[in-house]
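Chain and residue survey
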Amino acid sequence: MTLHHFVLIVHLLAATIWVGGHLFLLVCFLPQALKEKNPQIILNFEKKFEKLGMTSLILLIITGIWMAYDFGVTAESWFHFKTGFEKAISIKLLLLFATFICAVCAQFFILPNLDKNAIWKMAIIITTVTLIGITMLVLGSTMRYGGI
Ligand code: HEM
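Since we're looking at a predicted model, the values are computed, not measured.

In this section: the packing of helix α1 (residues 3-36) against helix α4 (residues 119-142). At a minimum axis separation of 9 Å, α1 and α4 run at an interaxial angle of 155°. Classified by the angle between their axes, α1 and α4 sit roughly antiparallel to one another. When you trace α1 past α4, the crossing you get is left-handed. Two secondary-structure elements touch here, α1 through W18, V19, H22, L23, L25, L26, L30, A33 and L34 and α4 through I119, W120, A123, I126, T127, V129, T130, G133, I134 and L137. Its residues assigned to classes, the contact of α1 with α4 shows 15 nonpolar, four polar and no charged.

With that settled, consider the coordination of the iron atom of the ligand. In the first shell of the iron atom of the ligand, the protein supplies H11 (NE2) and K92 (NZ), at 1.8 to 2.1 Å from the metal. Classification of the site at the iron atom of the ligand rests on its six donor atoms, whose angles at the metal span 87 to 179°, yielding the label octahedral. Here H11 is found in helix α1, whereas its partner K92 is found in helix α3 (residues 84-110), with 81 residues between them in sequence. A single burial state applies to H11 and to K92, both of which are buried.

In this section: the layout of surface pockets. By volume, the largest pocket is sized at about 750 Å³. If you list the elements that add at least two residues to the lining of the largest pocket, you get α1, α2 (40-70), α3 and α4. Per-element tally for the lining of the largest pocket: the top contributor is α1, with eight residues. Residues of the lining of the largest pocket, tallied by class, amount to 20 nonpolar, seven polar and two charged. In this structure, the second largest pocket spans a volume of roughly 430 Å³. What lines the second largest pocket is a set of 21 residues, among which W18, H22, E46, M54 and A103 lie closest to the centre.

Reading the values: rules and limits
Residues numbered from 1 in each chain as written. Predicted model: local features only at pLDDT ≥ 70, side-chain atom pairs only at ≥ 80, totals over all residues. Heavy atoms only, no water. Axes fitted to C-alpha atoms, helices over the stretch in contact; angles between N-to-C directions. Helix = DSSP H or I, 4+ residues; strand = E, 2+ residues; numbered from the N terminus. Parallel < 35°, antiparallel > 145°, perpendicular 65-115°, else oblique. Left-handed = near helix turned anticlockwise from the far one by under 90°. Contact = heavy atoms within 4.5 Å. Nonpolar A, V, L, I, M, F, W, Y, C, P; charged D, E, K, R; others polar. Donors = N, O, S within 2.8 Å, 3.2 Å for Na, K, Ca; no water. Tetrahedral: all angles 85-135°; square planar, octahedral: opposite > 155°, others 65-115°. Buried < 20%, exposed > 50% of the residue type's maximum accessible area, 1.4 Å probe, protein only. 1 Å grid on protein atoms, 1.4 Å probe; cavity = no way out; pocket = protein on both sides within 12 Å on 5 of 7 lines; lining within 4 Å. Points joined across faces, edges and corners; volume = space filled by probe spheres on them.

Set out below in structure tokens:
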């Protein structure tokens, strides 16, 4: 096994946790929270998932940038949108930034006063972050064919 292969396996494990965790929240807990108008269901999940979720996101960033460098896509070439590979990585970085914006909105504007009337705001954030995660996964799957 090469070092790149090991880093890829860590990337895939972290992607499984990040995307899987958000899909689980979206499909299993969010509908229940909306139905019962009970934000505590979401808060309980967030509390349990926070450490594992944040660790996997940090691992995704480190391993992703590591593998991008392995492929010669260094910081100087990001956001030039010239080669297929660099395009996919640049879009992944933009989507990562969008994920941060969602996290900041949730942490500072929604979660502090999450009551039964504000659950729909959290529903939008959860749906957006899940869809972004799935898009990043799909973009990742294009890499072995040279990107997009
Ligand atoms: C939520 C975040 C992310 C998810 C869910 C994700 C998911 C994936 C998946 C599923 C693959 C497919 C690997 C394969 O074809 O076997 C992949 C590959 C890859 N990802 Fe990500 N990724 C994320 C973030 C990032 C970031 C932030 C970067 C770097 C800026 C990145 C760079 C790469 C690279 C370079 C590969 C190709 C590795 C290879 O084929 O050897 N990823 N990603």
